[in-house]
Amino acid sequence: MTSLPERGEAPPSDCEQDTATAVASSSSSDQKEDSCSEQKEDSSSKQSKASILSAVFTPPFTIFEGQQDSTPTCENKSPRSSSGSYGWSRILRRFVGSTSMWRLLGCTKVLTSSDVWFLGKCYKLSPEESSSDSDSDSGHAAFLEDFSSRIWITYRKGFDVISDSKLTSDVNWGCMVRSSQMLVAQALIFHHLGRSWRKLPEKPYNQEYIGVLHLFGDSEACAFSIHNLLQAGRGYGLAAGSWVGPYAMCRAWQTLIRTNREQADAVDAKENFPMALYVVSGDEDGERGGAPVVCIDVAAQLCSDFNKGQSTWSPILLLVPLVLGLDKINPRYIPLLKETFTFPQSLGILGGRPGTSTYIAGVQDDRALYLDPHEVQMAVNIAPDNLEADTSSYHCSVVRDLALDQIDPSLAIGFYCRGKDDFDDFCSRASELVEKAKGAPLFTVVQSIEPSKQMYKQDDGLGCSGSGMANDDDLGGSGEAGEEEWQIL
């Protein structure tokens, strides 16, 4: 689904099709994908730009690192005197931070000198990065390296027919599904490889990285494909060719992960989703508009169920669907949304302009920085053992931005907690955020839910998806309150 560009916004720059890392204006980020393909450059120009950026953004700047590894006895010496190649690294980093590079690429440098918060990490930017900041793990170069390492999932065409729909593409309707896949993919990357992981240019690739990409291939054989998500979400209105909101999308993930776990248990196979999933909802009153409630006891029970009672805690993914206004987002929530990106557990936001879903992964000032699924690419299915696979279509080089007050009020926030200490830290930060909310929090945190408002029962044992804590009579067998008590957003 798409929306018209906002008044006064410029068209996308020619660099938006480059696979080299660059930053471009977001003004037409929500236009139909076909228009993206109209932005062409001659091949020689693209190759030259890519070669420049390949040298700059080759993590972890191998010219310098190689010299460090080969001269361990020089660790107490000044790097300036220990390696001539270090000077080249400094020059490249300075060039990255300068306006000259962006002019060369034909792109507008939209990032200001303000701090960027990106999935729980702060990048301190300076206009030129010509001082010592240019050699730190902050700044433009480090941010762009991080951004381009995130998993990017877009519209695809040419995949197997989705069920009985006869559709072989999700163009113009699958952006919410693709955005949700990106959020869940980041959770899996953080779980298997850690927040500090960056995609390296050298092959063979990491086995866990390839394994994550395989899960999101476009066929029924891939666990978290668009085919399987639509099938799992039928009860919430998901259908090929139709747009869907963030609440229904979160519930579709809940159903799919529970189904996958049951199938894995039946054949004693390896679990595809190595964490519990908690779709956070409200108490009895919250179902009708109050803030969702993170219940610590519910999270603990989900983790225990995921571990089949062998331990009390496990990694957990929290999805928090929200409605923060009617036609427009209520401005009082914007500072709170921004602060969630400072949480180390942050997985970003599933949302975008009305009718146009994106994956919002960072903020700077009053702008949201996002990965855009609205680009059409050919379907790709990466085998889990193919460590030499071409993964370029799963990484984006263009940072787009959107005014936070233009975000659709229906959205969902994601958080990944690796263990009990991480979850406790999340709850502490969330509680502090509640205190700043002046009576209108995004969500609240409680130890337990009153028996009269209990949404989940503790004896069902399905655990991993948040649906297993209530019986079929109470929740219609699907893990949530009866449909008459839920608004499908």
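All figures in this text were calculated on a predicted structure; none of them were measured in a lab.

Participant: Could you clarify how one ought to interpret the side chain of Ser314 in this entry?
Facilitator: Here Ser314 shows up in the loop between helix H12 (296-306) and strand E7 (316-323). Once you skip the residues sitting within four places of it in the chain, Ser314 turns out to touch Ala276, Cys303, Phe306, Asn307, Cys417 and Arg418.

Participant: I would appreciate a short explanation of the confidence of the model for the chain in the present structure.
Facilitator: Caution is warranted with low-pLDDT regions, since their predicted coordinates should not be read in detail. A residue-level look at the chain finds 65% of positions with pLDDT of 70 or above and a mean pLDDT of 76. Predicted confidence for residues 1-93 stays below pLDDT 50, and this span has 163 contacts to residues more than four positions away or in other chains. Per-residue pLDDT stays below 50 along residues 95-109; that stretch engages in 40 contacts with residues further than four places along the chain or on separate chains.

Participant: Would you take a moment to explain the packing of aromatic side chains for this structure?
Facilitator: Ring pairs (aromatic) are described by centroid distance and by the angle formed between their planes. For the structure shown, the criterion picks out 17 aromatic pairs. Between Tyr123 and Phe143, the aromatic rings sit 5.7 Å apart at their centres with planes inclined by 65°, giving edge-to-face as the arrangement. Here the residue Tyr123 occupies a position in strand E3 (residues 121-123), and Phe143 occupies one in helix H7 (residues 139-149), the gap between them amounting to 20 residues. Judged by centre distance (5.4 Å) and plane angle (80°), the rings of Tyr205 and Tyr209 are edge-to-face. The two residues Tyr205 and Tyr209 agree in class, both being buried. Here the aromatic residues Trp313, Phe343, Phe415, Phe423, Phe426 and Phe443 are joined through ring pairs into a cluster of three or more. The ring of Tyr123 has Lys121 sitting right over it, with the charged end atom 5.2 Å from the ring centre. For Lys420, the ring lying beneath its charged end belongs to Trp313, and the centroid distance is 5.6 Å.

Participant: Could you clarify how one ought to interpret helix H9 (residues 207-215) in this entry?
Facilitator: Given 3.6 residues to a turn, an α-helix orients residues that are three or four positions apart in the same direction. Among the residues of H9, those classed as buried are Tyr209, Ile210, Val212, Leu213 and Leu215. Check the buried side of H9 and you find it contacts helix H8 (175-193). Here H9 starts with a cap whose side-chain oxygen sits 2.7 Å from the backbone nitrogen of Glu208, and that cap is Asn206.

Participant: Honestly, the environment of Ser169 in this entry has me stumped. Any pointers?
Facilitator: Within the element layout of this structure, Ser169 appears in the loop between strand E4 (156-157) and H8. With 13 residues separating them along the chain, Ser169 and Arg156 place their C-alpha atoms 5.7 Å apart. There is a polar contact of 3.2 Å between the side chain of Ser169 and the backbone nitrogen of Val171.

Participant: In this structure, what is going on with the environment of Tyr333? I would like to understand it.
Facilitator: On the secondary structure map, Tyr333 appears in the loop between E7 and helix H13 (334-340). Residue class for Tyr333 comes out buried when judged on its relative accessible area of 14%. In sequence terms Tyr333 and Pro441 are 108 residues apart; their C-alpha atoms lie 7.7 Å from each other. Not counting residues within four places of it along the chain, the set of residues in contact with Tyr333 comprises Leu324, Ala440, Pro441 and Leu442.

Participant: Would you explain the pattern of salt bridges in this entry?
Facilitator: Any two side chains of opposite charge can pair, so long as their charged atoms come close to each other. Taken as a whole and judged by the stated rule, the model has 13 salt bridges. With a closest N to O distance of 3.0 Å, Asp146 and Arg150 form a salt bridge. Like Asp146, the residue Arg150 is buried in the burial classification. Notably, a salt bridge pairs Lys338 with Asp366, separated by 3.4 Å at the nearest N-O pair. One end of the pair, Lys338, is in helix H13; the other, Asp366, is in the loop between strand E9 (358-364) and strand E10 (367-371), with 28 residues separating them in the sequence. On the basis of relative accessible area, Asp366 is assigned to the partly exposed category, the value being 49%. Residues joined by salt bridges that share partners form a network here, namely Asp146, Arg150, Arg195 and Arg198.

Participant: Is there a simple way to think about the side chain of Thr358 in this case?
Facilitator: Position of Thr358 among the secondary structure elements: in strand E9. Overall, Thr358 belongs to the buried group, its relative accessible area being 1%.

Participant: How do you make sense of the environment of Asn386 when you look at a structure like this?
Facilitator: Assignment of secondary structure puts Asn386 in the loop between strand E11 (377-378) and strand E12 (398-403). For Asn386, a relative accessible area of 32% puts it in the partly exposed group. Residues Asn386 and Gln207 lie 179 residues apart in sequence; the distance between their C-alpha atoms is 8.5 Å. There is a polar contact of 3.3 Å between the side chain of Asn386 and the backbone nitrogen of Ala389.

Participant: Teacher, can you tell me more about helix H14 (residues 420-436) here?
Facilitator: Given a rise of 1.5 Å per residue, 17 residues ought to cover 24 Å, and the 25 Å separating the end C-alpha atoms of H14 matches this to within 8%. Phi turns positive, to about 55°, at Lys438, one or two residues after H14.

Participant: Could you clarify how one ought to interpret unusual backbone geometry in this entry?
Facilitator: Of all residues except glycine, most have a negative phi; of all peptide bonds, most are trans. Omega for the bond connecting Lys203 with Pro204 falls within 30 degrees of zero, at 0°, which places this linkage in the cis form. Along the chain, the position of Pro204 falls in the loop between H8 and H9. At Leu119, a residue that is not glycine, the phi angle is positive and equals roughly 50°. On the basis of relative accessibility, which here comes to 1%, the residue Leu119 falls in the buried class. If you check the backbone angles, Lys166 has positive phi at about 70° while not being a glycine. For Lys166, the position within the fold is in the loop between E4 and H8.

Definitions and limits used
- Chains are numbered independently. Their residues run from 1 in the order of the written sequence.
- Note on the predicted model: pLDDT of at least 70 is required for a residue's local features to be given, and 80 or more for side-chain atom pairs to be given and counted; whole-chain, interface and lining totals, by contrast, use all residues.
- To obtain the side-chain values, all non-hydrogen atoms of the structure were used and water was disregarded.
- Runs of H or I in DSSP of at least four residues are treated as helices and runs of E of at least two as strands, each being numbered from the N terminus.
- Pairs of residues are marked as contacts when any of their non-hydrogen atoms sit within 4.5 Å.
- Residue-level confidence of the predictor, termed pLDDT, takes values from 0 up to 100.
- Aromatic pairing here means that ring centres of Phe, Tyr or Trp (its six-membered ring) are within 6.5 Å. Orientation follows from the plane angle: under 30 degrees is stacked, over 60 is edge-to-face, and everything else is tilted.
- Three labels apply to residues, based on accessible area from a 1.4 Å probe with only protein chains included: buried if under 20% of the type maximum, exposed if over 50%, partly exposed otherwise in between.
- Put simply, a charge is over a ring when the Lys NZ or the Arg CZ is close to the ring centre, within 6 Å, and near the line of the ring normal, within 35 degrees.
- Throughout this description, a polar contact denotes any pair of N or O atoms lying within 3.5 Å of each other; where both atoms belong to protein, one of them has to be capable of donating a hydrogen while the other can accept it, and for residues adjacent in sequence the pair is counted only when both atoms sit in side chains.
- We count a salt bridge whenever a side-chain nitrogen from Lys or Arg sits within 4 Å of a carboxyl oxygen from Asp or Glu.
- Multiplying 1.5 Å by the residue count of a helix minus one yields the expected span of that helix.

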